[in-house]
Amino acid sequence: MTKITIYNEFYHEQTEEKVREVYPQGIHGALADFLRSDENEVRCFTLETIEEITDEVLDDTDVMLWWGHLRHSAVPDEVAQRVRNAVLKGMGIIFLHSGHHSKPFRLLMGTSCDVSWREDGDMERLWNICPSHPIMRGIGRYFELEHEETYSEPFTLPEPDQVLMIGWYEGGEVFRSACTFHRENGRIFYFQPGHETFPIFYDPNVQTVIRNAVEWVKPMYRVEKLYSPHIKKIGEE
Ligand code: ZN
């Protein structure tokens, strides 16, 4: 059993009919639905309840999922800092789609994390370039999403530990669509699919990648800080 905390800003679903039709329970609802079916313990927060993402909640979280887009700047700095600190202590985290511009992702990456994009509903073909990685278990050579927002390189990230998938779009653009990182004790996964107007989070391959990623970023155990600013000589403690 994994303790999962989902944050979704829950803005498009309330302001755009088209998005509400795709995600009547919100993007967090769709994510929680398939993750709950694996008998995980899932909690959801939205921008309205974001202050409730306290240190206590994060200490009691194995894996966090983050989806945000238009309301990144409304996320309080303290919450972003809390999430960053939890990752450094060992909490796993998965940033989805436009989460590349979220405050906690940028804090953890230390770069602008910019992408180029266009919204023409191109088909995306995601190539599995790291088939032996645990997150790619059950994924073939590639899978396709009938419609997705186009994200294009350059993606101004620090060099990932590993790139697991390259996304290719009908227009010819390519993108590092699945990347792993670690920061101190925590594992991080960035996954590009998930534009709000398309039913991406119902796609079985997308769900497989997210399920596998939950298992992969989940800490095997949590550590307390193992260092202090001033140490005594061994034997004199
Ligand atoms: Zn998008």
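Procedures and definitions
Residues numbered from 1 in each chain as written. Predicted model: local features only at pLDDT ≥ 70, side-chain atom pairs only at ≥ 80, totals over all residues. Heavy atoms only, no water. Disulfide = S-S within 2.5 Å. Buried < 20%, exposed > 50% of the residue type's maximum accessible area, 1.4 Å probe, protein only. Donors = N, O, S within 2.8 Å, 3.2 Å for Na, K, Ca; no water. Helix = DSSP H or I, 4+ residues; strand = E, 2+ residues; numbered from the N terminus. Salt bridge = Lys/Arg side-chain N within 4 Å of Asp/Glu carboxyl O. Axes fitted to C-alpha atoms, helices over the stretch in contact; angles between N-to-C directions. Parallel < 35°, antiparallel > 145°, perpendicular 65-115°, else oblique. Left-handed = near helix turned anticlockwise from the far one by under 90°. Contact = heavy atoms within 4.5 Å. Nonpolar A, V, L, I, M, F, W, Y, C, P; charged D, E, K, R; others polar. Pairing = 2+ DSSP bridges. Phe/Tyr/Trp six-rings, centres within 6.5 Å; stacked < 30°, edge-to-face > 60°. Lys NZ or Arg CZ within 6 Å of the ring centre and 35° of its normal.

A. Highlighting the state of the cysteines. Counting across every chain of the model gives zero disulfides. Here C113 is not cross-linked by a disulfide; its sulfur's nearest cysteine counterpart is in C179, at 10 Å. Judged by relative accessible area, which is 0%, C113 ranks as buried.

B. Structural detail: the coordination of the zinc ion. Protein-derived ligands of the zinc ion are H97 (NE2), E149 (OE) and H195 (ND1), with the metal-ligand distances lying across 2.0 to 2.1 Å. Of note, the donors binding the zinc ion are all from one chain and are spaced H-x51-E-x45-H. Residue H97 is located in the loop between β4 (92–96) and α6 (103–109), and its partner E149 is located in strand β6 (residues 142–152); the two are separated by 52 residues in the primary sequence. Given a relative accessible area of 1%, H97 falls into the buried group. Its relative accessible area of 5% is what places E149 among the buried residues.

C. Molecular detail of the pattern of salt bridges. Counting across every chain of the model gives twelve salt bridges. The shortest N-O distance in the salt bridge between E17 and R20 comes to 2.7 Å. With a gap of three residues between them, E17 and R20 both fall in helix α2 (residues 17–22), about one helical turn apart. The shortest N-O distance in the salt bridge between D60 and R43 comes to 3.6 Å. Placement of the pair is D60 in the loop between α4 (55–59) and β3 (63–67) and R43 in strand β2 (residues 41–45), with a sequence separation of 17 residues. Here R43 falls in the partly exposed class, since its relative accessible area comes to 25%.

D. Quick peek at the packing of helix α3 (residues 26–36) against helix α7 (residues 204–217). Orientation of α3 relative to α7, taken along the N-to-C sense of each, is 70°, at an axis distance of 11 Å. Put simply, α3 runs roughly perpendicular to α7. Like other packed secondary-structure pairs, α3 and α7 cross with a definite hand, here right-handed. Contacts between α3 and α7 involve L31, F34 and L35 from the first element and Q207, I210, R211 and V214 from the second. Taken together, the residues that form the contact of α3 with α7 break down as five nonpolar, one polar and one charged.

E. Quick look at the pairing of strand β8 (residues 174–183). Within β8, seven of the ten residues are buried, which leaves it mostly tucked inside the rest of the structure. Bridge count between strand β7 (residues 162–169) and β8: six bridges; the pairing is antiparallel. Its bridge partner lying in β8, V163 is registered against C179. Counting the residues in the hairpin turn of β7 and β8 gives four residues, including G172, whose phi is positive at 105°. For β8 and strand β9 (residues 186–191), the ladder comprises six bridges, and the chain directions are antiparallel. Paired with F181 across the two strands is I188, which belongs to β9. Counted along the chain from β8 to the antiparallel partner β9, the turn is two residues long, and its residue E184 has a positive phi close to 50°.

F. Examining the packing of aromatic side chains more closely. Going through the model one piece at a time under the given rule, you end up with eleven aromatic pairs. With 5.3 Å between their ring centres and 20° between their planes, Y23 and Y202 make a pair best called stacked. Of this pair, Y23 sits in the loop between α2 and α3 while Y202 sits in the loop between β9 and α7; the two residues are 179 residues apart in sequence, bridging distant segments of the chain. According to the relative accessible area criterion, Y23 is buried, its value standing at 0%. Judged by centre distance (5.3 Å) and plane angle (65°), the rings of F155 and Y190 are edge-to-face. You can see F155 sitting in the loop between β6 and β7 and its partner Y190 sitting in strand β9, a full 35 residues away along the chain. Taken together, F95, F105, Y151, F155, F175, F181 and Y190 form an aromatic cluster joined through their ring pairs. Across from the ring centre of Y11, 5.3 Å away, lies the NZ or CZ of R71, which sits over that ring.

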